[in-house]
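# Observations on chain architecture
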Amino acid sequence: HTFGDVLHTLIHKDGNLTELLDHATVKDPRGVSYFCGAPSTVVYPPMDTEAISRLLRELRIIAAFDYIVVDIPFDRFLMQEDLRDRATGTVLVTDATDGSQLKLARGYAALCQQVSEQETSAGSEIFLLTNRCNSFPMRLPELSSLQELGQIPFLPQSDTAGQLSSMASLPVFDALI
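This report concerns the structure included in the present document. What you are looking at is a predicted structure, and each value in this text was computed from that prediction instead of being measured.

## Here's the deal with the overall build of the protein
For the protein, the count of helices and strands is 7 helices and 5 strands. Along the protein, helices and strands appear, N-terminal first, in the series α-α-β-β-α-α-α-β-α-β-β-α. Counting the 177 residues in the protein, one finds 30% classified as buried. Looking at the protein alone, contacts between residues at least 24 apart form 58% of all its contacts between residues at least 6 apart. About 11,100 Å² of surface is accessible on the protein, with carbon and sulfur atoms providing 55% of the total.

## Concerning the pattern of salt bridges
All told, the structure shown has 1 salt bridge when counted by the stated rule. For the salt bridge of Glu50 with Lys13, the shortest nitrogen-to-oxygen distance reads 3.2 Å. Residue Glu50 is found in helix 3 (residues 49-62), and its partner Lys13 is found in the loop between helix 1 (3-12) and helix 2 (17-24); the two are separated by 37 residues along the sequence. Look at Lys13 and you get exposed, because its relative accessible area is 54%.

## Description of the sheet that holds strand 4 (residues 125-131)
Taken in spatial order, the 3 strands make up an open sheet running 3-4-5, and their pairing is parallel. Among the strands making up the open sheet, the edge pair consists of strand 3 (89-95) and strand 5 (147-152). Between one strand and the next, the sheet's axes are offset by a mean angle of 25°, whatever the strand orientation. Here 5 bridges tie strand 4 to strand 5, and the two strands are oriented parallel to one another.

## Quick word on the packing of helix 1 against helix 3
Interaxial distance between helix 1 and helix 3 falls to 10 Å at its minimum, and their mutual angle equals 120°. The pairing of helix 1 with helix 3 is recorded here as oblique in orientation. Considering how the two elements wind past one another, helix 1 and helix 3 form a crossing that is right-handed. For the pair helix 1 and helix 3, contact is made by Phe3, Val6, Thr9 and Leu10 and by Ala51, Arg54 and Leu55, respectively. Class assignment for the residues of the contact of helix 1 with helix 3 results in 5 nonpolar, 1 polar and 1 charged.

## Some words on helix 1
Buried within helix 1 are the following residues: Phe3, Gly4, Val6, Leu7, Thr9 and Leu10. Where helix 1 is buried, its residues meet helix 2, strand 2 (33-35) and helix 3. Following helix 1 by one or two positions, Lys13 adopts a phi angle in the positive range, close to 55°.

## A look at the environment of Thr130
Looking at where Thr130 falls in the secondary structure, it is placed in strand 4. Here the alpha-carbon distance between Thr130 and Ala96, two residues 34 residues apart in the chain, equals 6.4 Å.

## Observations regarding the nonpolar core
Val6, Leu10, Leu21, Met47 and Leu55 are the most contacted members of the largest nonpolar core, which totals 15 residues. Contributions of two or more residues to this core are made by helix 1, helix 2 and helix 3. Among the elements that make up this core, the one with the highest residue count is helix 3 (5 residues). Ignoring anything within four residues of it in the chain, the contact list for Met47 reads Leu7, Leu10, Ile52, Leu55, Arg76 and Gln80. Core analysis: the second largest hydrophobic core is formed by 12 residues, Leu78, Val115, Ile126 and Leu146 among them.

## As for the packing of helix 2 against helix 3
Orientation of helix 2 relative to helix 3, taken along the N-to-C sense of each, is 70°, at an axis distance of 9 Å. Taken together, the axes of helix 2 and helix 3 are roughly perpendicular relative to one another. Where helix 2 approaches helix 3, its residues Leu17, Thr18, Leu21 and Asp22 are matched on the opposing element by Arg54, Leu55, Glu58, Leu59, Ile61 and Ile62. Each residue belonging to the contact of helix 2 with helix 3 can be placed in one class, and the counts come to 6 nonpolar, 1 polar and 3 charged.

Rules and cut-offs
- Note that residues are indexed from 1 along each chain, following the sequence as it is written.
- Restriction of local features to residues with pLDDT of at least 70 applies here, the model being predicted, together with a cutoff of 80 or more for giving and counting side-chain atom pairs; totals for whole chains, interfaces and linings are based on all residues.
- Think of the side-chain values as coming from all heavy atoms in the structure, minus any hydrogens and water.
- Helix and strand definitions here come from DSSP, where helices need a minimum of 4 consecutive H or I residues and strands a minimum of 2 consecutive E residues; each element is numbered from the N-terminal end.
- With a 1.4 Å probe rolled over the protein chains alone, any residue whose accessible area is under 20% of its type maximum counts as buried; one over 50% counts as exposed, and the rest are partly exposed.
- Throughout, a residue-residue contact means that at least one pair of heavy atoms, one from each residue, lies within 4.5 Å.
- For the area figures, the Shrake-Rupley method with a 1.4 Å probe applies, and any residue is considered shielded solely by the protein chains shown.
- Throughout this description, the term salt bridge denotes a Lys or Arg side-chain nitrogen within 4 Å of a carboxyl oxygen of Asp or Glu.
- Note on pairing: two strands pair once DSSP finds at least 2 bridges between them.
- The convention used is that axes are lines fitted to C-alpha atoms, helices contributing only their stretch in contact, and that angles between N-to-C directions extend from 0 to 180 degrees.
- Angle categories are assigned with fixed cut-offs, so that under 35 degrees is roughly parallel, over 145 is roughly antiparallel, 65 to 115 is roughly perpendicular, and the rest are oblique.
- The handedness criterion is simple: a crossing whose near helix is rotated anticlockwise from the far helix by less than a right angle is left-handed, and one whose near helix is rotated clockwise is right-handed.
- Here the nonpolar group is Ala, Val, Leu, Ile, Met, Phe, Trp, Tyr, Cys and Pro; Asp, Glu, Lys and Arg are the charged ones; every other residue, Gly included, is treated as polar.
- Residue types Ala, Val, Leu, Ile, Met, Phe, Trp, Tyr and Cys, when buried and joined through side-chain atoms within 4.5 Å, form a set referred to as a nonpolar core.

These results come straight from atomic positions and should not be treated as a statement about function.
Following this line, the structure appears as structure tokens:
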């Protein structure tokens, strides 16, 4: 089973999702569970709020995870109030370029405005992580209220396993655990 099967079941609301999630999960030698074989976004439409909530509920039923990482574009995160409310931590990732930081600052301002207008919370604590940097990046004043996890340097390994192994040894994730 693949994550494509999981998406099909979520979208069409057929089949035993809990059993499918259990079979589609792969565990690496360090004990990290993940889904591999993510399908093309052309094949499957984006999941709506209900589908994401159902997926998270089912993952909690399995109860085999200490943490669940949801990697979604920032604009989708803004629309997912339920997801924000369930999160124990939110990590906003940027690289050290000015353009990337400006884009993140605009998105963060939109989140703050949305929270203020709707009189809700941003959900969890929000952290900033700078990726692929070789020096201490300049930080925009608009992002100064975010707690900084740290920086992940540019990693020259070409394979995913090597990059993950290098990242796992960095102390930047300790604040989340």
